[in-house]
Amino acid sequence: MGVEVADTNTTFTEMENLDFSDSEIVSFVRHSLQSALEGDSNHYNQLIGIMNSSYRLAPDEVALLSTGLKALSKAVFYIDITHHGKLLSAIFGMSLWSYGPDVMDALVELIIALAASGGDLVESCLQMLVSNFIPPKALLHNLSQPWCIKKKQQVLERVHSALINIAYLVPVSPLMLEHIIPRRMPHLCSEEVLIITYVENMLKLESSDLGRLVGSTMIVAVVDRLVDLDVEIGWDKILQDDSNKGIFEMELEVAPEDSKDVSFEVGKATSGSYSLAENVVAEQLDSLMVLMCEHLKSCADAGRLSEVFDTLLDSFRITVLKAYKSKFAQFVVFYACSLDPEHCGLRFANMLEKIFMQGTDPLTRMSAVSYLASYLSRGRFIPSSLVAGTLKRLVDWCLEYCHSRDGKEAIVNPEVHRVFYSGCQAVMYLLCFRMRLMVEVSHLKSLLHSMPLERILRHPLDPLKVCLPSIVSEFLQQAKAAHLCTVSDKFIFNNLLESDLSKAYGGIERLDMFFPFDPCLLKNCDRFIRPNFVRWSMDKTIYDDDEDGLSDDEIDMDFVDGKGEHALDYDMGRSFDDRELDLVDECAYSLNNMSFTPKSSNFLSPMQMPALLRPSTSPPGSL
């Protein structure tokens, strides 16, 4: 019964030349596989030889290979994983990139059939398909050529289609794929084109029908790679001669002359204090960041950014937030927030605030509040209501901490109270960027003047001695101009930037030196960030209205009422009605309509900076 097997003396090549039917060829292949089990390997070895031929095949050889692959697809149940190991090895070693469309289709058909035939071969089939994410070395540097672009499209369309088909036929395959793909990612030191091509496929998979099954794994793996590259770029490779400069001054040095020139490539700059020129790792990170930003934009356009952001947020919390040397990877989250400020942007801020206020690990809490302040300061898309509400809650937390540490515990100790100092520094940093906005909007100004800032700054824990001096200096100058608190001009800071207290706060890693969303120095991905990013060189502070600022002689009476009491004390105990925050959204002034003008560096030097540190003759607690 059935089709008769061809003469056993007939070779596979002869069958092709004699124009046997498809069923007869399949029967011959089955017989060859069975004969190999009985010790007769002649025809079986011929099959292996056909599978191993892949270089510059003649038309008849191409036809023979295609026929053999199709025949094997219909005989997969005769393939024994043990006895036919050489044949399987030859099949799994084939590259789709080496063949034309006919052979590619036949090979993909065989791989799908093998995966569906038994569980033992599923992983090998997936491994083979994933190996085709990147081309052979011979094609690696031709990927920009038109003919290679076409080849790439032909290959990857078939690879991803096969992965989806296998997932349908073998439901457990996506679980295997989640382990295979991250494990096969090119090494950190691999050529950029390898990792870029591989990650392109990962993100393509995330946005495919398989995305709901393996998408989160793809996003997490890419973010992990971003962080791995990021931490390879040490600050010592970027900073040059910055030991005596504050963070605002350093940013001004690298700001483009034309702040509206979005094509400014900071990554190529070598002037000022920053340089990423010819940094191979930075270039690779930059390219991956561009891929991620483009992917997030496509997700937003497709209406699925929110679900992708869930994974991105978890990955940030687990990986990026705890990578204390991360400099650029976090901008992927920043960009995602800019695409959907109402939902993603708010969720990011809420998560950071919750970690700071309710977390248990001090370093993570410090990192979270630093991210929070930097994010609210830099995001042009962030509504003023979110900035104001978050600022109020941070101030309230700092005040509550002061109350809980009154008495014997109120001793300056950068190590013991580091979370508190990080909160104070975040408040001052945020106000350095947003104080002008708040004093120009009536409801925000009311909120600002109701905040008990002086109680915190005058507390014996003395945050102004511990926090980063460049932030303290800028904050004090703006606070003077805004009539926000009383300062004394009798004390002079003596090299506070190098003070032991300031150094102790940051610790060996100097976590206080840079805020996470300082300008992105990567030249290509910066084009995604810049339109929604507030640069210090573009910001307009309160004292910019008076080019010379306020003189020290103007300080005393301007901030003290007739009874000698601090001007803010009358409102210290009054809480801000949460319902008033709803009115903030109705203000005509919004961050999106802010007008920025470039400014020069106008910072107080250590000899000029008015101090909130008490003179030796002043009673404890005074400013």
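Residues numbered from 1 in each chain as written. Predicted model: local features only at pLDDT ≥ 70, side-chain atom pairs only at ≥ 80, totals over all residues. Heavy atoms only, no water.

(A) Structural view of helix α20 (residues 418–440). Counted at 1.5 Å a residue, the expected span for α20 with its 23 residues is 33 Å, and the 33 Å between its end C-alpha atoms agrees. Approximately 65 degrees is the largest bend angle found in α20, and it occurs at R434. (Helix = DSSP H or I, 4+ residues; strand = E, 2+ residues; numbered from the N terminus. Expected span 1.5 Å × (residues − 1). Bend = angle between axes of the 7 residues up to and from the residue.)

(B) Up close: the confidence of the model for the protein chain. Across the protein chain, the average pLDDT comes to 77, with 70% of residues at or above 70. Looking at the elements of the protein chain, mean pLDDT is at its lowest for helix α27 (residues 555–558), recorded as 28, and at its highest for helix α16 (residues 331–339), recorded as 98. Throughout residues 1–7 the model reports pLDDT below 50, and contacts reaching past four residues in sequence, or to other chains, amount to eight contacts. Low pLDDT, under 50, characterises residues 507–511; the predicted model gives this stretch eight contacts beyond four residues in sequence or across chains. (pLDDT = per-residue confidence, 0-100. Contact = heavy atoms within 4.5 Å.)

(C) Inspection of the packing of aromatic side chains at higher detail. Applying the stated criterion to the full structure yields 23 aromatic pairs. Plain terms: the ring middles of F316 and Y371 are 5.0 Å apart, the flat faces sit at 85 degrees to each other, and that makes the pair edge-to-face. Of this pair, F316 sits in helix α15 (residues 305–320) while Y371 sits in helix α18 (residues 362–378), and the two are 55 residues apart along the sequence. Per residue, the accessibility class of F316 equals that of Y371, and both read buried. Ring plane angle 10 degrees and centroid distance 4.9 Å describe the contact between Y401 and F420, whose orientation is recorded as stacked. In this pair, Y401 is assigned in helix α19 (residues 384–404) and F420 in helix α20, connecting sequence segments 19 residues apart. On the basis of relative accessible area, Y401 is assigned to the buried category, the value being 11%. Three or more aromatic residues joined by ring pairs make a cluster, and in this case those are F316, F331, F334, F348, Y371, Y375, F381, F517 and F533. Above the plane of the ring of F356 lies R365, whose end atom (NZ or CZ) is 5.9 Å from the centre. (Phe/Tyr/Trp six-rings, centres within 6.5 Å; stacked < 30°, edge-to-face > 60°. Buried < 20%, exposed > 50% of the residue type's maximum accessible area, 1.4 Å probe, protein only. Lys NZ or Arg CZ within 6 Å of the ring centre and 35° of its normal.)

(D) Quick look at the side chain of S95. With respect to the helices and strands, S95 occurs in the loop between α5 (85–92) and α6 (101–117). Excluding anything up to four places from it in sequence, S95 contacts N132 and P136.

(E) Quick look at the pattern of salt bridges. What the rule picks out here adds up to 18 salt bridges. Residue E353 pairs with R393 through a salt bridge whose shortest N-O separation is 2.6 Å. Placement of E353 in helix α17 (residues 341–358) and of R393 in helix α19 is noted, with a sequence separation of 40 residues between them. We classify R393 as partly exposed; its relative accessible area is 33%. Put simply, E440 and R436 hold a salt bridge, and the shortest N to O gap is 3.0 Å. Of this pair, E440 and R436 both sit in helix α20, four residues apart, which is roughly one turn of the helix. Judged by relative accessible area, R436 falls into the buried class, the value being 15%. Sharing partners across several salt bridges, the network here consists of E206, R304 and E307. (Salt bridge = Lys/Arg side-chain N within 4 Å of Asp/Glu carboxyl O.)

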